[in-house]
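Overview (structure and organization)
For reference, the chains in residue letters:
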Amino acid sequence: MNLPRFISLDGIDGVGKSTQIAMLAERLTQAGCDVMTVRDPGSTEIGARLREILLDSDLRMNRLTEAMLFMASRTEMIETILRPALAAGKTIISDRFLLANVVYQSTGNGRENGKPTVAPETLWQMGRIACGGLSPDLTLVLDMPVEIAMARLDGPADRMESRGQEYMANVREAFLRELPQTGGRGEVIDAQGAPDEVAERIWTAVTAQKVSGLFSGS
Ligand SMILES: Nc1ncnc2c1ncn2[C@@H]1O[C@H](COP(=O)(O)OP(=O)(O)O)[C@@H](O)[C@H]1O
Ligand SMILES: Cc1cn([C@H]2C[C@H](O)[C@@H](COP(=O)(O)OP(=O)(O)O)O2)c(=O)[nH]c1=O
């Protein structure tokens, strides 16, 4: 089976990414893959510190500054963890990647006083530099209505979550709109239902073989 080597799961907060990543990691391991899971932002010492700053709901931050700090965290993860792991033959599952950066930092929350957010095209361009051209082979966007996902969140809201339901609804739309730009294969997964049902949909997407030409498979 020709399985993707670099998979990213993304989607709005509370949609079930962490739950599904654990299940997918187990299934890929059973299929014989040497799996490594990472989370963006995070997974490195610098990434963990940047994550604290980025998610601190007491901090106000310019949206471009925010975008660049998320990019920096990802660069550190790519150069110190992902490239060596891929070279060593590992299969990577990342909890979010560049797509989240494009989506969250280009979306307004109605409190910008008319100031523009960062354009998606600018963020994709910044991302190409920050990621040195590395993109997931497969990006899965877990999708469900915002009210259901947000009702699942517990604990104090972080800086993104505290932007509210309307912001998250715009983020959801932006995920669907920007997914085709990731550079690899992209699939939207219905994230409603029991964890096992969602995991089955994800496995179908992971094991789907890419059609390489117009007449292949016929
Ligand atoms: N399919 C599901 N149905 C109901 N609850 C779920 C499901 N998947 C995850 N959850 C619960 O919803 C919450 C958010 O899930 P999580 O995997 O942490 O999402 P994310 O990583 O996208 O924020 C957790 O409490 C988790 O146990
Ligand atoms: C990767 C990334 C995440 N984010 C946001 C999405 C989330 O709201 C938050 C952290 O993501 P996440 O790890 O999903 O948080 P949690 O611990 O709640 O599961 O950062 C961005 O705004 N830009 C980015 O580039």
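You'll find the structure just up there.
To start, this report covers the structure provided alongside it.

Rules used throughout
- Residues numbered from 1 in each chain as written.
- Chains lettered and ligands numbered in written order.
- Predicted model: local features only at pLDDT ≥ 70, side-chain atom pairs only at ≥ 80, totals over all residues.
- Heavy atoms only, no water.
- Salt bridge = Lys/Arg side-chain N within 4 Å of Asp/Glu carboxyl O.
- Helix = DSSP H or I, 4+ residues; strand = E, 2+ residues; numbered from the N terminus.
- Buried < 20%, exposed > 50% of the residue type's maximum accessible area, 1.4 Å probe, protein only.
- Near = heavy atom within 4 Å.
- Polar contact = N/O pair within 3.5 Å; in protein donor to acceptor, adjacent residues only side chain to side chain.
- Areas by Shrake-Rupley, 256 points an atom, 1.4 Å probe, with all protein chains shown as cover.
- Nonpolar A, V, L, I, M, F, W, Y, C, P; charged D, E, K, R; others polar.
- Axes fitted to C-alpha atoms, helices over the stretch in contact; angles between N-to-C directions.
- Parallel < 35°, antiparallel > 145°, perpendicular 65-115°, else oblique.
- Left-handed = near helix turned anticlockwise from the far one by under 90°.
- Contact = heavy atoms within 4.5 Å.
- Phe/Tyr/Trp six-rings, centres within 6.5 Å; stacked < 30°, edge-to-face > 60°.
- Lys NZ or Arg CZ within 6 Å of the ring centre and 35° of its normal.

**What to know about the pattern of salt bridges**
Tallied over the full model, the rule gives 12 salt bridges. Note that Asp40 is salt-bridged to Arg74, the shortest N-O span being 2.5 Å. Residue Asp40 is located in the loop between strand S2 (35–39) and helix H2 (45–55), and its partner Arg74 is located in helix H3 (residues 63–87); the two are separated by 34 residues in the primary sequence. Residue classification places Asp40 among the buried residues on the basis of a relative accessible area of 4%. Between Arg83 and Glu79 there is a salt bridge, with the nearest N and O atoms lying 3.3 Å from each other. Placement of the pair is Arg83 and Glu79 together in helix H3, with a separation of 4 residues, close to one helical turn. Owing to a relative accessible area of 31%, Arg83 belongs among the partly exposed residues under this scheme. Given the relative accessible area of 41%, Glu79 is considered partly exposed. Where salt bridges share partners, they join Arg63, Glu66, Arg159 and Arg163 into one cluster.

**Brief notes about the site of ligand 1**
What surrounds ligand 1 is the set Gly14, Val15, Gly16, Lys17, Ser18, Thr19, Arg152, Gly193, Ala194 and Pro195. Between ligand 1 and the protein, one listed contact pairs a nitrogen atom with a backbone N or O atom of Gly193 at 2.9 Å. Here ligand 1 loses 64% of its free accessible area of 560 Å² to cover by the protein chains. Counting residues per element, the shell around ligand 1 draws most heavily on helix H1 (residues 17–30), at 3 residues. A per-class count over the shell around ligand 1 returns 3 nonpolar, 5 polar and 2 charged.

**Digging into the packing of H2 against H3**
Pairs of packed helices are described in terms of their axes, by the angle between the two and the distance that separates them. Between H2 and H3, whose axes approach to 9 Å, the crossing angle comes to 160°. Between H2 and H3, the angle falls in the class roughly antiparallel. With respect to the hand of their crossing, H2 and H3 are arranged in left-handed fashion. Note on element contacts: H3 touches H2 through Glu66, Leu69, Phe70, Ala72, Ser73 and Glu76, opposite Ile46, Gly47, Leu50, Ile53 and Leu54.

**Comments concerning the packing of aromatic side chains**
Applying the stated criterion to the full structure yields 3 aromatic pairs. Ring geometry for Tyr104 and Phe175: centres 6.0 Å apart, planes at 80°, overall edge-to-face. In this pair, Tyr104 sits in helix H4 (residues 98–106) while Phe175 sits in helix H7 (residues 164–178), placing the two residues 71 residues apart along the sequence. Since its relative accessible area comes to 4%, Tyr104 is described here as buried. The class for Phe175 is buried, based on a relative accessible area of 1%. Taken together through their ring pairs, the aromatic side chains of Tyr104, Tyr167 and Phe175 make up a single cluster. Its end group placed over the ring of Phe97, Arg74 keeps NZ or CZ at 5.7 Å from the ring centre. Positioned above the aromatic ring of Tyr167, the side-chain terminus of Arg163 is 5.2 Å from the ring centre.

**Quick look at the site of ligand 2**
For ligand 2, the set of nearby residues contains 16 residues, the closest of which are Asp13, Arg51, Arg74, Arg96 and Gln105. The contact in question runs from an oxygen atom of ligand 2 to an N or O atom on the side chain of Arg74, over 3.0 Å. Side-chain polar atom of Glu161 to an oxygen atom of ligand 2: 3.3 Å apart, as the coordinates give it. With the chains in place, 88% of the 560 Å² that ligand 2 exposes on its own is no longer accessible. Listing elements by their share of the shell around ligand 2, those giving two or more residues are H2, H3 and H4.

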